[in-house]
Amino acid sequence: MGSASVPAPPPAPAAPPQDPRAQGAPPPGPYPPSVDPRAFPQPHPQLYQPHPQTYQQHPQTYQPHPQTQQPQPPQPPHPQAPGQPPADPFQDLPWVSDGTPTAEEFARRRLAKPAEPVATMGPRALLKNVTGGLVKLAPGKRELEYKQDVEMVRRNFGGLRQVTVVNPKGGAGKTVAVLLLAMTFGQKRGGYVLAWDNNETQGTLGMRAQQDFHARTVRDMMRDLHLFQGAHGRVGDLSQYVRAQGEGMFDVLASDESATAGEMLTADAFAEIREIVSRFYKLIFVDTGNNVRAQNWQAAMDATDQLVITMSARNDSAETAARMLDHLEQSGRQRLVRQAVSVVSMPPTRKDIDLPAIQRHFAARTRAVLLAPYEKLIDSGEPLRYGHLSSPTRDAWLKIAAAVAEGL
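Residues numbered from 1 in each chain as written. Predicted model: local features only at pLDDT ≥ 70, side-chain atom pairs only at ≥ 80, totals over all residues. Heavy atoms only, no water.

Trainee: Explain the pairing of strand β6 (residues 306–312) to me, using residue names and the numbers behind them.
Mentor: With seven of seven residues buried, β6 lies mostly within the body of the structure. Judged by which residues are buried, β6 turns out to be covered on both faces: Gln306, Val308, Thr310 and Ser312 on one side and Leu307, Ile309 and Met311 on the other are all buried. Here strand β1 (residues 161–166) pairs with β6 via four bridges, running parallel. Looking at β6, one finds that Thr164 is bridged to Leu307. (Buried < 20%, exposed > 50% of the residue type's maximum accessible area, 1.4 Å probe, protein only. Helix = DSSP H or I, 4+ residues; strand = E, 2+ residues; numbered from the N terminus. Pairing = 2+ DSSP bridges.)

Trainee: Tell me what's going on with empty space enclosed by the protein, and back it up with residues and numbers.
Mentor: Tallied over the full model, the rule gives one cavity of 30 Å³ or more. Estimates place the volume of the largest cavity at around 40 Å³. Lining the largest cavity we find Asn199, Glu200, Thr201, Val218, Arg219, Ser255, Asp256 and Leu265. Looking at side-chain class alone, the lining of the largest cavity contains two nonpolar, three polar and three charged residues. (1 Å grid on protein atoms, 1.4 Å probe; cavity = no way out; pocket = protein on both sides within 12 Å on 5 of 7 lines; lining within 4 Å. Points joined across faces, edges and corners; volume = space filled by probe spheres on them. Nonpolar A, V, L, I, M, F, W, Y, C, P; charged D, E, K, R; others polar.)

Trainee: Requested: an account of the nonpolar core, with residues and values cited.
Mentor: Leu181, Phe185 and Phe285 are the most contacted members of the largest nonpolar core, which totals 42 residues. Every element with two or more residues in this core is listed here: α3 (141–154), β1, α4 (174–189), β2 (193–197), β5 (283–287), β7 (341–345), β8 (368–372) and α14 (391–406). Sorting elements by how many residues they give to this core places α4 first, with nine residues. Residues in contact with Phe285, not counting those within four places in the same chain, are Val163, Val178, Leu181, Ala182, Phe185, Val193, Leu194, Ala195 and Trp196. Listed in part, the 23 residues of the second largest apolar core include Trp297, Met324, Met346 and Leu355. (Core = buried A, V, L, I, M, F, W, Y, C linked by side-chain atoms within 4.5 Å. Contact = heavy atoms within 4.5 Å.)

Trainee: Report on the packing of aromatic side chains, specifying residues and quantitative values.
Mentor: According to the stated counting rule, one finds three aromatic pairs in the structure shown. Between Phe185 and Phe285 the ring centres are 5.4 Å apart and the planes differ by 50°, which places this aromatic pair in the tilted class. Here Phe285 lies in strand β5 and Phe185 lies in helix α4, a separation of 100 residues in the sequence. The residues Phe185 and Phe285 share a single accessibility class, namely buried. Arranged with centres 4.7 Å apart and planes meeting at 10°, the rings of Trp196 and Phe270 form a pair that is stacked. With Trp196 in strand β2 and Phe270 in helix α8 (residues 267–277), the pair connects residues that are 74 residues apart, well separated along the chain. The exposure classification of Trp196 matches that of Phe270, with both residues buried. Above the plane of the ring of Tyr192 lies Lys282, whose end atom (NZ or CZ) is 5.3 Å from the centre. (Phe/Tyr/Trp six-rings, centres within 6.5 Å; stacked < 30°, edge-to-face > 60°. Lys NZ or Arg CZ within 6 Å of the ring centre and 35° of its normal.)

Trainee: A description of the layout of surface pockets should follow, citing residues and the corresponding values.
Mentor: Looking at the largest pocket, its volume works out to about 670 Å³. As for the largest pocket, its lining consists of 32 residues, of which Gly171, Ala172, Gly173, Lys174 and Val176 are closest to the centre. Elements with a minimum of two residues in the lining of the largest pocket: α4 and α13 (376–379). Here the lining of the largest pocket takes four residues from α4, the largest share from any one element. When its residues are assigned to classes, the lining of the largest pocket shows 13 nonpolar, 12 polar and seven charged.

Trainee: Account for the pattern of salt bridges, naming residues and giving values.
Mentor: Between side chains of opposite charge, a pair can form when the charged atoms approach closely. Counted according to the given criterion, the structure contains 15 salt bridges. Between Asp302 and Arg333 there is a salt bridge, with the nearest N and O atoms lying 2.8 Å from each other. Within this pair, whereas Asp302 is found in helix α9 (residues 295–302), its partner Arg333 is found in the loop between α10 (315–330) and α11 (334–338), the two being separated by 31 residues in sequence. Residue class for Arg333 comes out buried when judged on its relative accessible area of 13%. The partner of Glu319 in a salt bridge is Arg323, with the nearest N and O atoms 3.1 Å apart. One end of the pair, Glu319, and the other, Arg323, are both in helix α10, four residues apart, so they sit about a helical turn from each other. (Salt bridge = Lys/Arg side-chain N within 4 Å of Asp/Glu carboxyl O.)

Trainee: I'd like to hear about unusual backbone geometry, residue by residue, with values.
Mentor: Not every positive phi belongs to a glycine, and Met249 is a case in point at roughly 60°. Relative to the assigned elements, Met249 resides in the loop between β3 (243–244) and β4 (251–253). Accessibility expressed as a relative area gives 41% for Met249, which makes it partly exposed.

Below you can see the structure in the form of structure tokens.
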């Protein structure tokens, strides 16, 4: 028998084309014939996410289409329940991946919680001491003003500064003002303070200051200027010519105390001495003489950063100071006059003095007018010591020093 032929089954319908990406295969591309693209593993979409800090689009090369940008509604602030402590403003700070806080977080959190001020002066401080620290009161108004004045005196002036004290009339309190200002700045901000007697003839700054192991003056220094020329001269060498004031924390460069000394100081001599002392001091207080036409007086004005005008509470002393201001304004120093500080020294009694008129006149011409109370130690003419001054005198001169520092 012959075998019957079996008809072939109809061909199966062709499967629809599959997307290679659905099976993890790379998209079709022009691969070489000998390379199978499936041999290269592809990252799983859920296991590989670029770190947001290591992958940044360049702002100029990637700009999303404006239609794809979806505006985000503003997020309302988290309401704070009543009675709860305020939220920590530094809770959203940079942290590393393992949760360790950064040094920036530590520093900012420490600065965010300053210590509460506690009174250290007066009855408020006494109450704290009596109760063993159980009762701590905030500083009073007087203590706050005191601390503000001290901070003003201690501020950084940014370089050498010269304060010049002037009044052509003798007995107007120039020397006392130089000493008390130098004492106050030396006490409150430390050394590098010099009080310099720039009197054209005989000055009294060295007489009112504390004595040292030597009695050399500015004229001795002028004779030995060659020792400080160029890079020569050290602070130890300068101590042979200035007088240390011990507890006052400043030095004094005295003028010649002989009335029959040699020639008057010139402008060049003042400039040379100032160049030397400026190497070792940050703050110089200059006491001046009574002759506004003297060369060293004019040279001191040209180098002044802050002018201080002293006078006693008498019409003659105040009028002399007012005429000196006229002279300074006529010589082109209007700004120096407007920024000046006027100091009025009070007598033992206010009887028969025209204090309001003096205050009105100098308040209209200078930046500030302050009163210096009467001090018996000052009136005695003896050398001044900071520790022997009364508390009202120290407080008043701290206020004057703060006004001077404000102009520096």
